[in-house]
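# Coordinate analysis (summary)
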Amino acid sequence: MRRPVVGLLALAAAGAIAAGCSSGSSGSGGSSSGGGGGIYGGGGSSPTSGQSGAATVKATTSKDGMVLVDGNGRTLYLFQKDSPNQSACSGACVSAWPVDPSSGTPKAGSGVKASLLSTIKRTDGSTQVTYNKHPLYFYSGDSQAGQQNGQGLNAFGAVWNVVAPAGVAVK
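### Here we look at the nonpolar core
Counting 19 residues, the largest nonpolar core has Tyr77, Phe79, Cys89, Trp97, Tyr137 and Trp160 as the members making the most contacts within it. In this structure phenylalanine 79 touches Ala88, Cys89, Tyr137, Ala155, Phe156, Ala158, Val159 and Trp160, once residues within four positions along its chain are discounted. Grouped together as the second largest cluster of nonpolar side chains are 13 residues, Leu76, Leu78, Leu117 and Leu136 included.

### What about the packing of aromatic side chains?
This structure, assessed with the given rule, holds six aromatic pairs. Both rings, one in tryptophan 97 and one in tryptophan 160, keep their centres 3.9 Å apart while their planes meet at 0 degrees; by these two values the pair is stacked. Of the two residues, tryptophan 97 is situated in the loop between helix H2 (92–96) and strand E4 (107–108) and tryptophan 160 in strand E9 (residues 158–162); the sequence distance between them amounts to 63 residues. Just as tryptophan 97 is buried, tryptophan 160 falls in that class too.

### Here's the deal with the pairing of strand E2 (residues 65–70)
Taken together, the six bridges between strand E1 (residues 56–62) and E2 define a ladder with antiparallel strand orientation. Bridge pairing in E2 links threonine 60 to valine 67. Turn length for the E1-E2 hairpin, with the two strands adjacent in sequence and antiparallel, is two residues.

### Notes on the side chain of aspartate 100
For aspartate 100, the position within the fold is in the loop between H2 and E4. Look at aspartate 100: it is buried, it has no salt bridge, and the nearest opposite charge is arginine 74 at 8.9 Å.

### Quick notes on unusual backbone geometry
In this structure, asparagine 132 is a non-glycine residue whose phi angle is positive, near 55 degrees. Topologically, asparagine 132 is positioned in the loop between strand E6 (127–131) and strand E7 (134–135). At lysine 133, a position not held by glycine, the phi torsion is positive, near 70 degrees. Of note, lysine 133 is situated in the loop between E6 and E7.

### Regarding the state of the cysteines
As enumerated under the stated definition, the model contains one disulfide in all. Through a disulfide, cysteine 89 is tied to cysteine 93; the S-S separation comes to 2.0 Å. Disulfide cysteine 89-cysteine 93: the torsion about the S-S bond is -110 degrees, which places it as left-handed. The class for cysteine 89 is buried, based on a relative accessible area of 0%.

### Some thoughts on the environment of serine 103
Within the secondary structure, serine 103 sits in the loop between H2 and E4. A C-alpha to C-alpha distance of 5.3 Å links serine 103 and alanine 54, two positions 49 residues apart in sequence.

### Focus on the sheet that holds strand E8 (residues 154–155)
Across the sheet, which stays open at both edges, the three strands sit in the order E3-E9-E8 with antiparallel pairing between neighbours. Each having just a single partner strand, strand E3 (77–79) and E8 make up the two edges of the open sheet. Sheet topology places E3 next to E9; three bridges connect them, and they run antiparallel. Note on E9: the bridge partner recorded for tyrosine 77 is valine 162.

### Quick notes on the environment of leucine 153
Its place among the elements puts leucine 153 in the loop between E7 and E8. For leucine 153, a relative accessible area of 14% corresponds to the buried category. Along the sequence, leucine 153 and phenylalanine 79 sit 74 residues apart, while their C-alpha atoms lie 9.9 Å from each other.

### Looking at the pairing of E6
Of all five residues in E6, five are buried; the element is thus mostly enclosed. A two-sided burial pattern is seen for E6, the buried positions comprising Thr127, Val129 and Tyr131 on one face and Gln128 and Thr130 on the other. Where strand E5 (residues 117–121) lies against E6, five bridges are found, and the strand directions are antiparallel. Residue pairing for E6: leucine 117 is matched across the bridge by tyrosine 131. Connecting the antiparallel pair E5 and E6 is a turn made up of five residues, with glycine 125 showing a positive phi of about 90 degrees. Judged from the two bridges that link them, E6 and E7 form a sheet pairing that is antiparallel. Residue pairing across strands places tyrosine 131 opposite histidine 134, the latter belonging to E7.

Calculation notes
- Residues numbered from 1 in each chain as written.
- Predicted model: local features only at pLDDT ≥ 70, side-chain atom pairs only at ≥ 80, totals over all residues.
- Heavy atoms only, no water.
- Core = buried A, V, L, I, M, F, W, Y, C linked by side-chain atoms within 4.5 Å.
- Buried < 20%, exposed > 50% of the residue type's maximum accessible area, 1.4 Å probe, protein only.
- Contact = heavy atoms within 4.5 Å.
- Phe/Tyr/Trp six-rings, centres within 6.5 Å; stacked < 30°, edge-to-face > 60°.
- Helix = DSSP H or I, 4+ residues; strand = E, 2+ residues; numbered from the N terminus.
- Pairing = 2+ DSSP bridges.
- Lys, Arg positive; Asp, Glu negative; His and termini not counted.
- Salt bridge = Lys/Arg side-chain N within 4 Å of Asp/Glu carboxyl O.
- Disulfide = S-S within 2.5 Å.

Structure below.
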């Protein structure tokens, strides 16, 4: 019961933000969250992995099978509305679904195919990690590593899914 309630609360908050701050943005790219919200606790810590600024993506076992996570075990998601190598999430969307940023070449961890790992440049100039041409995101409703509260949510015009090591959505 807790998972649907958390998801609904997060969607309600995201909807309120979108209603109050958005003017119907439909462009690709957008602004990065900068990680300043501390969505995983820790007083403003970013959901990025490692001190070098280069993101790490690895695979781990979850209730939905093998899924992609960052170097700290935080679940990564794809957005069904995105085009290959192009994000459709900006503004209020990025507040609810922060991008997986990288200031260097992302590192392939255990269970990840390095050939599927890359980055794209967002319209704000930041760099976002991609896997199999899917831009990767975190979910603000996940408060700790291993949570998948965003799995299957329909928000900002499409469904969000965790990502399998094959580079496809886990449904």
